[in-house]
Amino acid sequence: MKRAKAMAQTRCLALVTEAFGGRGGIAQYNRDFLEALSGLFTRIDVVARHPGDPALTPAGVFQTAPRGKLGYALRALFAAARRPPDVVFCGHLHLAPLAAALARLLSATLILQAHGIEAWPRPKPFERAAVERADLVLSVSRFTRSAILGWARIAPERILVLPDTVADAFGPADASALRSALGLEGKKVLLTVGRLDRRERYKGHDRVIDAIPELVDRGFDVVYLIAGEGDDRARLEERAQEKGIAPRVRFLGALPVSNLALVYRLADRFVMPSTGEGFGIAYLESSASGVPALALDRAGARDALADGALGTLVEERDLATAIARLLDAGKRNPEALAERTRARFGRDVFRAQLRAQLARLSEPA
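Attention here is on the structure that accompanies the text. (Residues numbered from 1 in each chain as written. Predicted model: local features only at pLDDT ≥ 70, side-chain atom pairs only at ≥ 80, totals over all residues. Heavy atoms only, no water.)

**Observations concerning the overall build of the chain**
Cut-off, in case you're wondering: For helices the rule is a DSSP run of H or I covering at least 4 residues; for strands it is a run of E covering at least 2, with both sets numbered from the N terminus onward. Each residue gets one of three labels from its accessible area relative to the maximum for its type: buried under 20%, exposed over 50%, partly exposed in between, using a 1.4 Å probe on protein chains only. Residues are treated as being in contact if the distance between any of their heavy atoms lies within 4.5 Å. Under this rule, positive means Lys or Arg and negative means Asp or Glu; His and the chain ends count for nothing. Each charge is placed at NZ for Lys, CZ for Arg, CG for Asp and CD for Glu.
Across its full length, the chain holds 14 helices and 13 strands. If one aligns the C-alpha atoms of the chain with their principal axes, the spans along those axes are about 65 × 40 × 35 Å. Within the chain, the fraction of its 365 residues that count as buried is 55%. Restricting the contact set of the chain to residue pairs at least 6 apart, pairs at least 24 apart contribute 70%. Positive and negative side-chain charges in the chain, numbering 53 and 42 respectively, have mean positions lying 6 Å apart.

Set out below in structure tokens:
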């Protein structure tokens, strides 16, 4: 396996699903990664499946979004031929065969990114082969790294964990005025942030809705806020109706970062009892806002909550009881929670970890 002098490279070709202008955790991770990478390369050409927003794109980064799978492949080939890259970065396992072929053709260093459920089961043969050829595989969590080691013939030292980071926009502040404006004074507010996609029902909105009647029976005046959009919203609305709690469940739709930061602050607890998070950047956003998060004790959520040091990890059967206990406890020292979160997952920490991991590419094989 060749080794590249990564810190001295000048050009990078990034193949991603979405980045600048996209929504969701993977898009945010790609933005954070490429922004950090832009300080190490003179030019980064990004080929994405969704259009970018020039206002969000750092200097030296150029994003295009061709239509269709064939258009995507042709655009990647054109970009590689026009400006042969020193490094090919692949932001999703499904794009790995194309990225591996280009890296091999151009004798470029290949870096692959693994997130969550796409990398947990044994992938297609071409995807597996691409992972095994990579110079470096980055994983957002220990769980995803362990899953890859279970199906890939690859040296463990070539798979490193680089967790998500959290934006500076999220921080603790007084949210009493917003609570009053939304009619939430005296309420216990639960919050979940995530796409309402029928393919991502593992995020656990149903579980929170199902827990609310028990919380009401225990004497809590609960309101459940759901931020996000998607094709599963109607089903969740119907479920709330069936449980007789529809007035207690409010759907906020997709929110810009500025509004989302405000919504985090007014919550008493962030609750996302997901069974399929590769990491879960929303846990970080909540903790950085000073709002304790609750998650199921599985998969990447353990990393996001630092094995319980930054939040609460529970078993699914204990969800309602755990929420009730945490609502009784209230929020304690939001500033301290935010500080601990940034000390572990802040932007400077993320950049330093990335530089250290790229530096390993220059070490002898």
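After that view, the rundown keeps rolling.
**Describing the packing of aromatic side chains**
Where we set the bar: The criterion for an aromatic pair is that two Phe, Tyr or Trp rings (for Trp, the six-membered ring) have centres within 6.5 Å, with stacked assigned to planes under 30 degrees apart, edge-to-face to planes over 60 apart and tilted to the rest.
Taken as a whole and judged by the stated rule, the model has 8 aromatic pairs. Both rings, one in Tyr29 and one in Phe33, keep their centres 6.4 Å apart while their planes meet at 15 degrees; by these two values the pair is stacked. Here Tyr29 pairs with Phe33, and both are found in helix α1 (residues 25-37), just 4 residues apart, close to one helical turn. The same class applies to Tyr29 and to Phe33, which are both buried. Centroid distance Phe279 to Phe345: 5.7 Å. Interplanar angle 75 degrees. Geometry classified as edge-to-face. Placement of the pair is Phe279 in the loop between β11 (269-271) and α10 (281-288) and Phe345 in helix α13 (residues 334-345), with a sequence separation of 66 residues.

**Details of the packing of helix α7 (residues 205-217) against helix α12 (residues 319-329)**
What counts here: Note on definitions: angles span 0 to 180 degrees between N-to-C directions of axes, and those axes are lines fitted to C-alpha atoms, for helices only across the stretch in contact. In this scheme the crossing of two helices becomes right-handed for a clockwise turn of the near helix relative to the far one and left-handed for an anticlockwise turn of less than a right angle. Any residue that is not Ala, Val, Leu, Ile, Met, Phe, Trp, Tyr, Cys, Pro, Asp, Glu, Lys or Arg is counted as polar, Gly included; the first ten are nonpolar and the last four charged.
Taken N-terminus to C-terminus, the directions of α7 and α12 make an angle of 65 degrees; their axes are 9 Å apart at the nearest point. The handedness of the crossing between α7 and α12 comes out as right-handed. Of the residues in α12, those touching α7 at Arg207, Val208, Ala211, Glu214 and Leu215 are Leu319, Ala320, Thr321, Ile323 and Ala324. Residue composition of the contact of α7 with α12, grouped by class: 7 nonpolar, 1 polar and 2 charged.

**Re α10**
Taken across its 8 residues, α10 has 8 buried, putting it largely inside the fold. Within α10 the residues assigned to the buried category are Ile281, Ala282, Tyr283, Leu284, Glu285, Ser286, Ser287 and Ala288. Downstream of α10 by one or two residues, Gly290 has phi in the positive range, about 85 degrees.

**Here's the deal with the environment of Asp197**
Turning to its location among the elements, Asp197 is positioned in the loop between β8 (188-193) and α7. Between the C-alpha atom of Asp197 and that of Gly230, which follows or precedes it by 33 residues, the distance is 4.9 Å. Beyond its immediate stretch of four places on either side in the chain, Asp197 contacts Asp231 and Asp232.

**A look at unusual backbone geometry**
Unusually for a residue other than glycine, Asp307 sits at a positive phi of about 55 degrees. By secondary structure assignment, the location of Asp307 is in the loop between α11 (301-304) and β13 (311-314). A positive phi is found at Asn333, a non-glycine position, where the angle reads about 50 degrees.

**Notes on the sheet that holds β8**
To be explicit about the condition: At least two DSSP bridges between two strands are required for those strands to pair.
One open sheet accounts for 6 strands, arranged β10-β9-β8-β11-β12-β13; its pairing is parallel. Sheet topology places β10 (249-253) and β13 at the edges, where each strand pairs with a single neighbour. Taking each pair of neighbouring strands and ignoring which way they run, the sheet shows an average axis angle of 25 degrees. Each of β8, β11 and β12 (293-296) touches α10; the most contacted strand, β12, lies at about 155 degrees to it.

**Re helix α2 (residues 68-82)**
Stated precisely, the cut-off is as follows: What a helix should span is 1.5 Å times the count of its residues minus one. As used here, the arc belongs to the directions running from the helix axis to the C-beta atoms.
An ideal rise of 1.5 Å per residue puts 21 Å on 15 residues; α2 measures up with 21 Å between its terminal C-alpha atoms. For α2, the set of buried residues is Tyr72, Ala76, Ala79 and Ala80. Buried residues of α2, viewed axially, fall in a sector of 95 degrees; they line one side. Counted as exposed and oriented over 90 degrees from the buried face of α2: Leu70, Leu74, Ala81 and Arg82. Those residues of α2 that are buried lie in contact with β1 (11-15), β2 (43-47) and α3 (96-106).

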